[in-house]
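# Fold and contact review
Spelled out from the first residue to the last, the chains are:
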Amino acid sequence: GNSVTQMEGPVTLSEEAFLTINCTYTATGYPSLFWYVQYPGEGLQLLLKATKADDKGSNKGFEATYRKETTSFHLEKGSVQVSDSAVYFCALPQRTGNQFYFGTGTSLTVIP
Amino acid sequence: DTGVSQNPRHKITKRGQNVTFRCDPISEHNRLYWYRQTLGQGPEFLTYFQNEAQLEKSRLLSDRFSAERPKGSFSTLEIQRTEQGDSAMYLCASSPRVNYEQYFGPGTRLTVT
């Protein structure tokens, strides 16, 4: 089935540093790709998505480009803030579209 | 608030007891999903409903687990004869259509002692 492999953490950055969290996927066809964020003690929130190859999803300063050549959907942010400290999950739907496959998550801590 | 809600938020139970969790999806969403998340892992799919029909179940869903969605609105997830290995966060999500983003509730954290 479809799956993602996500960069392992934890990641610790200083405020205003550049962030990259790697995600590569294996899929039949070209499913939509998603990044979710989970803040401590909360459920998952959609951060951004891309629905087809070469699309760029963006939200709150985060970006990710759907690259079919490298089967990647890396998450980037130019200048992280302390409030970005959370766990980030890469995800994609299975072939039936009825369930999502989530990566193992990457924990990000941003220090002032 | 029109988001997905889950109750209770926390549940502590003794091994062998039964527990039931409730999920109220976003009202216009006909698709509802249950996931389980253990510490340091991503959510793992348990089951899926379209309206009141349970259309897909993971092999993770042993016979001690049962889920219902009467009338296609809220859903319940019951775990019978709980085991310590059932300790996890149980997440509910809903979606208006296939391959669309899923909207998650805050989860129910189960601790089995």
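Figured I'd write up the structure that's included with this text. (Residues numbered from 1 in each chain as written. Chains lettered and ligands numbered in written order. Predicted model: local features only at pLDDT ≥ 70, side-chain atom pairs only at ≥ 80, totals over all residues. Heavy atoms only, no water.)

### Quick look at the packing of aromatic side chains
- Here the structure, examined in full by the defined rule, presents 16 aromatic pairs over all chains.
- An angle of 40° between the planes, with centres 5.6 Å apart, marks the rings of A:F62 and A:Y88 as tilted. Of this pair, A:F62 sits in strand β8 (residues 62–65) while A:Y88 is found in strand β10 (residues 86–93), placing the two residues 26 residues apart along the sequence.
- Classification of A:F62 by relative accessible area gives buried; the value is 3%.
- Note on A:F102 and B:Y35: the rings are 5.7 Å apart at their centroids and 85° apart in plane angle, and the pair reads as edge-to-face. (Phe/Tyr/Trp six-rings, centres within 6.5 Å; stacked < 30°, edge-to-face > 60°. Helix = DSSP H or I, 4+ residues; strand = E, 2+ residues; numbered from the N terminus. Buried < 20%, exposed > 50% of the residue type's maximum accessible area, 1.4 Å probe, protein only.)

### So, the state of the cysteines
- For the structure on display, the rule yields two disulfides over all chains.
- A sulfur-sulfur separation of 1.9 Å characterises the disulfide bridge that pairs A:C23 with A:C90. Every disulfide takes its handedness from the sign of the S-S torsion; for A:C23 and A:C90 that torsion is -65°, giving left-handed. Note that A:C23 is positioned in strand β4 (residues 23–26) and A:C90 in strand β10, a separation of 67 residues in sequence.
- A:C23 sits in the buried class, given a relative accessible area of 1%.
- Residue pairing for B:C23: its cysteine sulfur links by disulfide to B:C92, the two sulfurs lying 1.9 Å apart. Taking the sign of the torsion about the S-S bond as the criterion, the disulfide between B:C23 and B:C92, at about -65°, is left-handed. Remark: B:C92 occurs in strand β9 (residues 88–95) and B:C23 occurs in strand β3 (residues 19–24); sequence separation between them is 69 residues. (Disulfide = S-S within 2.5 Å.)

### Concerning the pattern of salt bridges
- Using the criterion set out here, one finds seven salt bridges over all chains in the structure.
- Close ionic contact of B:E101 with A:K49 constitutes a salt bridge, the shortest N to O distance being 2.6 Å. Here the residue B:E101 occupies a position in the loop between β9 and β10 (103–104), and A:K49 occupies one in strand β6 (residues 44–50), the pair thus bridging two chains.
- Taking the shortest distance from any N to any O, the salt bridge between B:E83 and B:R64 comes out at 3.4 Å. Of this pair, B:E83 sits in the loop between β8 (75–79) and β9 while B:R64 sits in the loop between β6 (53–57) and β7 (65–68); the two residues are 19 residues apart in sequence, bridging distant segments of the chain.
- With a relative accessible area of 10%, B:R64 lands in the buried category.
- A cluster of three or more residues bridged by salt bridges with shared partners is formed by B:R64, B:E83 and B:D86. (Salt bridge = Lys/Arg side-chain N within 4 Å of Asp/Glu carboxyl O.)

### Topic: unusual backbone geometry
- Of note, the amide linkage connecting A:G9 to A:P10 takes the cis form, showing an omega dihedral of -5°.
- Omega for the peptide link from B:N7 to B:P8 comes to -10°, which places this bond in the cis form.
- Residues other than glycine seldom take positive phi values, yet A:E16 does so here, at roughly 75°.
- As for its position among the elements, A:E16 is in the loop between β2 (11–14) and β3 (19–21).
- The phi dihedral of B:K71 falls on the positive side, at around 65°, and the residue is not glycine.

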